[in-house]
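# Architecture and fold: a report
What follows is each chain in one-letter form.
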Amino acid sequence: MTPVIKTENLRKEFGKYAAVKGLTLQVEQGEVFGFLGPNGAGKTTSIKMLLGLVAPTSGTGSLLGAPLGDRTALARIGFLPEHFRFQEWLTAYEFLQLHGELLGMDSRNLNLRRNELLEQVGLSDFRHKQLRTFSKGMLQRVGLAQALMNRPALVFLDEPTSGLDPVGRRLVRDIIHELRVQGTSVFLNSHLLSEIEVTCNRVAFIRQGEVIRVMEMSALDQNLSMVTIRAEGLTPEVVTGLEQWGNDIRVDSEQLTMTIHNEIDLPEITRYLVERNVSVYALTPNRISLEEIFIETLGKDSGL
Amino acid sequence: MKKIWIIARMTFRENVRKRIVLTGLVLGLIFLTAFTIGFHMVYINAFNEVGSPNEMLTSMMMTEATNILLLAGLYAVTFLSAAMGALLGADTLSGEINSGTIQTIVTKPVRRSEIVIGKWLGFLILLGLYSLLMSGGTVLSIWTQSGYLPPNVLKGLSLIYLESVLIMTLSLFCSSFMSGLATGGVVFGLYGLAFIGGWVEQIGVAIQNQTVVQVGIITSLIIPSESLWRRASFEMQSPISAALGFSPFSSTSVPSPLMVGYAVIYLVIVLISAISTFQHRDL
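This section reports on the structure supplied with the text.

Conventions we followed
Residues numbered from 1 in each chain as written. Chains lettered and ligands numbered in written order. Predicted model: local features only at pLDDT ≥ 70, side-chain atom pairs only at ≥ 80, totals over all residues. Helix = DSSP H or I, 4+ residues; strand = E, 2+ residues; numbered from the N terminus. Rg over C-alpha atoms; globule rule 2.2 N^0.38 Å. Pairing = 2+ DSSP bridges. Contact = placed C-beta atoms within 7 Å. Axes fitted to C-alpha atoms, helices over the stretch in contact; angles between N-to-C directions. Buried ≥ 20, exposed ≤ 12 C-beta atoms within 10 Å, placed from the backbone.

## Here's the deal with the overall build of chain B
If you tally the helices and strands in chain B, you get 12 helices and zero strands. Listed by position from the N terminus, the elements making up chain B come as α-α-α-α-α-α-α-α-α-α-α-α. Against the compact-globule benchmark of 19 Å for 283 residues, chain B has a radius of gyration of 21 Å, which places it among compact chains. Judged by the C-alpha coordinates and their principal axes, chain B covers about 75 × 45 × 30 Å.

What follows is the structure, given as structure tokens:
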């Protein structure tokens, strides 16, 4: 299968300053791909190059199999730009009409899709209100509807939740989830790691427009984990016996923490403890969070 | 072609909703009302005072006065239409680039050239309606009161329209690489230059100084807006003014039809430049 996005050494210079030094990445069909990096890492410029808004200084790339800048690919793409600034003198209805027409949709299909999406993003009651009267959350919703009008094969979301309340964030998460189920590819640019964590299949960490690391999110689950065990009756022999599943064991009265090799061993550990008459009150795996990986990969001083 | 039309419709609607057109309309109607009342008073007064010792002469003088008043009115209309053209074009591309509203448009399967041409077409229609109201209203106001129609009225009004389109196109071009404010400054500056240049040329002819005339002509080549008005007023001036060769609103030095052709080519080149600049711009 052809990748939906493929770039090779994409570079963008503004004067002498290289905003993107050399972006090489590949996004497969059906993937929800997270694009992570500190402020000023060149994330938005990268998206703009992919969408033909900004011409790369050098490098090559393709979008849905077509070379970058090819307009035919744009008919199968959805895009929600950051800040959600739209034609505020249009009503929600007219706004979706305009974008549907620009996508070349026929009027019947356009009407159906428009109503369906307004319903989905909860704006049906506001369809005849001008966008100038909309709150930021409402603009985000109508912007999302705009990005999905053509049932795109690939959706770009640039900071879709920045500055939004939890309801708005939840909506984005639900929509991404639905797209994922439908097999639509999503390219998500966000700082909100918790969001990336629950929605993405794969993430790329970028700094100064270079991919530093690409990681499968499933790897996060299998990663080395810390386990905290709260229990009564932890004899020294029992503690020593735990070493077969991990190391770095620390005991503090009724609380024990250790690093285990694999989460799969957790039931085994529980059984082991119970069999030795230990009263287990809690056994909590603490996964290494994406945030920790972010800091570890990109450094604490990134984004300054 | 279909996409151009979509953008044109959007542009039309945008400007109607953004009240710029409403403002122009209100100012225009105030102008037309004032003009109508003013002309009415002058006309009635003149008619009563002159009496009729010599019917023939009176009628000729009346026609002459009416023609001058009409051209004065159209001169003001020309300025208003040019200002409207400048305002419409000034913030359109730069404004959308700055605010970011252009991003969802450009990332649709639309050519950038279609966006520029669509906007231009939308303005063309708006200016056409505005011109029709203002120029047409002025001519109509005089015609209904006195039954006077200037010669070559369609040609004259078309040239006034062409001038506003030229200014709008220039404004659109500037806004493809400058801020709205800078565009306004540059376009009004050029318009002023053309205005001065037009007078310099006429004075040059009057004092028979070829160098001064050439300075005027060069200004007209830099921006041919004023020469369009001068051609329009020449077309519509009364036969007596034409014979005398001088009146406040017509020219001693008349731009040739060649100058009109030059203005059209100028306009096309400016439009193509606007497209090209916008096509190569990072958004």
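## Focus: the sheet that holds strand β2 (residues 17-27) of chain A
Residues and elements named next belong to chain A. With antiparallel pairing, the four strands of this open sheet are ordered in space as β2-β1-β4-β5. The open sheet has two free edges, formed respectively by β2 and β5 (66-67), since each of these has just one partner strand. Sheet topology places strand β1 (residues 5-14) next to strand β4 (residues 58-63); five bridges connect them, and they run antiparallel. Residue pairing for β4: T7 is matched across the bridge by G61. Its contacts with the sheet place helix α1 (residues 43-50) against β1, β2 and β4, and it is angled at close to 65° to β2.

## Some words on the interface of chain A and chain B
If you look at the interface, chain A gives 22 residues, while chain B gives 20 residues. Elements with a minimum of two residues in the side of chain A that touches chain B: α2 (71-74) and α3 (92-102) of chain A. Looking at the side of chain A that touches chain B, the element that brings in the most residues is α3(A), giving four residues.

## Brief notes about the environment of A:G52
Residue and element names in this part refer to chain A. Topologically, G52 is positioned in the loop between α1 and β4. Taking the number of C-beta atoms within 10 Å as the measure of exposure, G52 has 20 and is therefore buried. Sequence spacing of G52 and A92 is 40 residues, and the spatial spacing of their C-alpha atoms is 26 Å. Apart from the residues within four sequence positions on either side, G52 is in contact with L68 and G69.

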